[in-house]
Amino acid sequence: MLTDPAPVVVRAVTAALRSQPDPVPTSRLWELLDGDQPRHVRISAFNQLLARDTWTRIQADLQLIHSTDTELRKRAHVDLTGWLERGAATTYTTPTSATHEVLGPLVDAAEAALGTDRTRRLRWCLGIDR
């Protein structure tokens, strides 16, 4: 039902899933971010990815910061800068080496959108050396 053509159905299903611990596999949510999916499906997948762990959230933001979908690009940018300003200070873990391998190139690609200072701070928070 996460791919229903009616946005109201997808929103209702997403709301119902909020109380469940990881009801949809993360791999499926990444698939739903595909540009071929309707916007409401991509927004739902994005919101569910943000609700996962910190590093999945950062990866989703970084992947969508260059999206052709203006709304998703804006949401990703706002969420990532908000995390850098507020959430990063209370993140007491670092990504695994496998996660570093995924996030490193995404951070590099996002530098133009984020700016040098935010990118440097993001690398520091993620423990990524340049």
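This one's a predicted model, so the numbers in the text were calculated from it and none came from an experiment. (Residues numbered from 1 in each chain as written. Predicted model: local features only at pLDDT ≥ 70, side-chain atom pairs only at ≥ 80, totals over all residues. Heavy atoms only, no water.)

### Focus: the overall build of the chain
For the chain, the count of helices and strands is seven helices and zero strands. The order of α-helices and β-strands along the chain, N terminus first, is α-α-α-α-α-α-α. C-alpha extents for the chain along the principal axes are approximately 45 × 30 × 25 Å. By residue count, 42% of the 130 residues in the chain fall in the buried class. In the chain, once contacts between residues fewer than 6 apart in sequence are set aside, the share between residues at least 24 apart is 59%. Total accessible area on the chain is roughly 7,400 Å²; 52% of this is exposed by carbon and sulfur atoms. Here the chain holds 16 positive side-chain charges and 16 negative ones, and the gap between their average locations is 6 Å. (Helix = DSSP H or I, 4+ residues; strand = E, 2+ residues; numbered from the N terminus. Buried < 20%, exposed > 50% of the residue type's maximum accessible area, 1.4 Å probe, protein only. Contact = heavy atoms within 4.5 Å. Areas by Shrake-Rupley, 256 points an atom, 1.4 Å probe, with all protein chains shown as cover. Lys, Arg positive; Asp, Glu negative; His and termini not counted. Charge placed at Lys NZ, Arg CZ, Asp CG, Glu CD.)

### Notes on the side chain of Thr 56
With respect to the helices, strands and loops of the structure, Thr 56 is situated in helix α4 (residues 54-64). On the basis of relative accessible area, Thr 56 is assigned to the buried category, the value being 12%. Residues in contact with Thr 56, not counting those within four places in the same chain, are Thr 26, Trp 30 and Leu 49.

### Concerning helix α6 (residues 97-114)
The largest bend along α6 reaches roughly 35° and is located at Asp 108. Along α6, the positions that sit buried rather than exposed are Leu 103, Gly 104, Leu 106, Val 107, Ala 110, Glu 111 and Leu 114. Tucked into the core, α6 has its buried residues touching α4, α5 (70-87) and α7 (116-126). Positive backbone phi, approximately 95°, marks Gly 115, located one or two places after α6. (Bend = angle between axes of the 7 residues up to and from the residue.)

### Remarks on the confidence of the model for the chain
Overall, the predicted model of the chain reaches an average pLDDT of 91, with 99% of residues at or above 70. Across the chain, element-level confidence peaks in α4 with a mean pLDDT of 96 and bottoms out in helix α1 (residues 7-17) with 88. (pLDDT = per-residue confidence, 0-100.)

### A short note on the nonpolar core
Soluble globular proteins tend to bury their nonpolar side chains together. Ranked by size, the top nonpolar core spans 17 residues in total, and within it Ile 58, Leu 62, Trp 83, Leu 103, Leu 122 and Leu 126 carry the most contacts. Listed by contribution, the elements that provide at least two residues to this core are α4, α5, α6 and α7. For this core, the leading source of residues is α6, giving five residues. With near-sequence residues (within four places) excluded, Leu 122 lies in contact with Ile 58, Leu 62, Leu 80, Trp 83, Leu 84, Val 107 and Leu 114. Val 24, Leu 29, Leu 33 and Val 41 belong to the second-largest nonpolar core, a separate cluster that totals 16 residues. (Core = buried A, V, L, I, M, F, W, Y, C linked by side-chain atoms within 4.5 Å.)

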